[in-house]
Amino acid sequence: MKPPATPRPGDANEAALRRLGVSAKELAAAPEITSLLKRADGGLRQCLSAMRFSTDPLIVRFFTKYDALSMHDRAHLTIEAIALAAGVDASHLLGSIMVALQAQAVSLVKIIAMTAHHKITKARVVYGQLPLGEKDRTALDVAMGFLPSPKGPTFIGKAIFGSGQNVVDQQRGDDDDEPMDGGIDLDRLFPPAVRMQQKLATIRQRILPPESRDGKDIN
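Since we're looking at a predicted model, the values are computed, not measured. (Residues numbered from 1 in each chain as written. Predicted model: local features only at pLDDT ≥ 70, side-chain atom pairs only at ≥ 80, totals over all residues. Heavy atoms only, no water.)

Asker: How should the packing of aromatic side chains be read in this particular structure?
Answerer: How two aromatic rings sit relative to each other is set out by the distance from centre to centre and by the angle between their planes. In this structure the tally under the stated criterion is three aromatic pairs. Ring geometry for Phe 62 versus Tyr 66: centroids 5.7 Å apart, planes at 25°, classification stacked. With Phe 62 and Tyr 66 both in helix α5 (residues 57–66) and four residues apart, this pair spans about one turn of that helix. The exposure classification of Phe 62 matches that of Tyr 66, with both residues buried. Taking the centre distance of 5.7 Å and the plane angle of 80° together, the rings of Phe 63 and Tyr 66 count as edge-to-face. A residue pair is termed a helical-turn pair when its members lie 3 or 4 positions apart in one helix, as Phe 63 and Tyr 66 do in helix α5 at three residues. Classification of Phe 63 as buried rests on a relative accessible area of 7%. Members of the aromatic cluster, each reached through a chain of ring pairs, are Phe 62, Phe 63 and Tyr 66. Against the face of Phe 63 rests Arg 52, its NZ or CZ located 3.9 Å from the ring centre. (Phe/Tyr/Trp six-rings, centres within 6.5 Å; stacked < 30°, edge-to-face > 60°. Helix = DSSP H or I, 4+ residues; strand = E, 2+ residues; numbered from the N terminus. Buried < 20%, exposed > 50% of the residue type's maximum accessible area, 1.4 Å probe, protein only. Lys NZ or Arg CZ within 6 Å of the ring centre and 35° of its normal.)

Right under this line is the structure:
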């Protein structure tokens, strides 16, 4: 008795498409995004992982269809095929996926920075105690406020860093009206550069004398 023939990959793909309700013609006309996503660091699995954290309506609609599929069909279907079945434009979905990947990357960078910073500080302390550790000693003293910053004091909200003062006002400043949920605000710990530039520009206008604000030489 002959063993049953092993189905060819093409047959499995076509069968999965039929169950999905997408024709080969529709799939051929759709933008191909699966091959692009597979080139991501971590491949397609990494992209799907980032998408799980997103609340983007397109991604939510995609996962509604994706999660309803069997593991067998998922293995034989492309992202664009599932997007077609979910009524989602593949090119628009690609943009949403890129945003999700960016958000995941930002979070990962912040986590790495926060969890590794104590090691960097410890290394500075160790090397700062050596005869040639002047740079490490200076960096620590500036960070702690024992020495002024070489570029002068930096004003952020109501806190003054690098001014030589040991006391830093812990008040929230301009963000007092922002709600707090009891968790750690990562954007507060690592604020975007654009936001910091805007805050610094406003604060500089407050502390400069009127003559300097007009661009005139007060001397």
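Asker: What is the right way to look at a nonpolar patch on the surface in this model?
Answerer: On the surface, a cluster of nonpolar side chains totalling about 290 Å² of accessible area is made up of Val 126, Tyr 127 and Leu 130. Looking at where Val 126 falls in the secondary structure, it is placed in helix α8 (residues 90–128). (Patch = residues over 30% accessible without salt bridge, like charges linked within 9 Å, V, L, I, M, F, W, Y side chains within 5 Å. Areas by Shrake-Rupley, 256 points an atom, 1.4 Å probe, with all protein chains shown as cover. Salt bridge = Lys/Arg side-chain N within 4 Å of Asp/Glu carboxyl O.)

Asker: Can you help me understand the pattern of salt bridges in this one?
Answerer: Any two side chains of opposite charge can pair if their charged atoms end up close together. Taken as a whole and judged by the stated rule, the model has three salt bridges. Across the pair Asp 73 and Arg 19 runs a salt bridge whose closest N-O atoms are separated by 2.6 Å. Of this pair, Asp 73 sits in helix α6 (residues 71–75) while Arg 19 sits in helix α1 (residues 9–20), and the two are 54 residues apart along the sequence. Note that Asp 67 and Arg 52 form a salt bridge whose closest N and O atoms lie 2.8 Å from each other.

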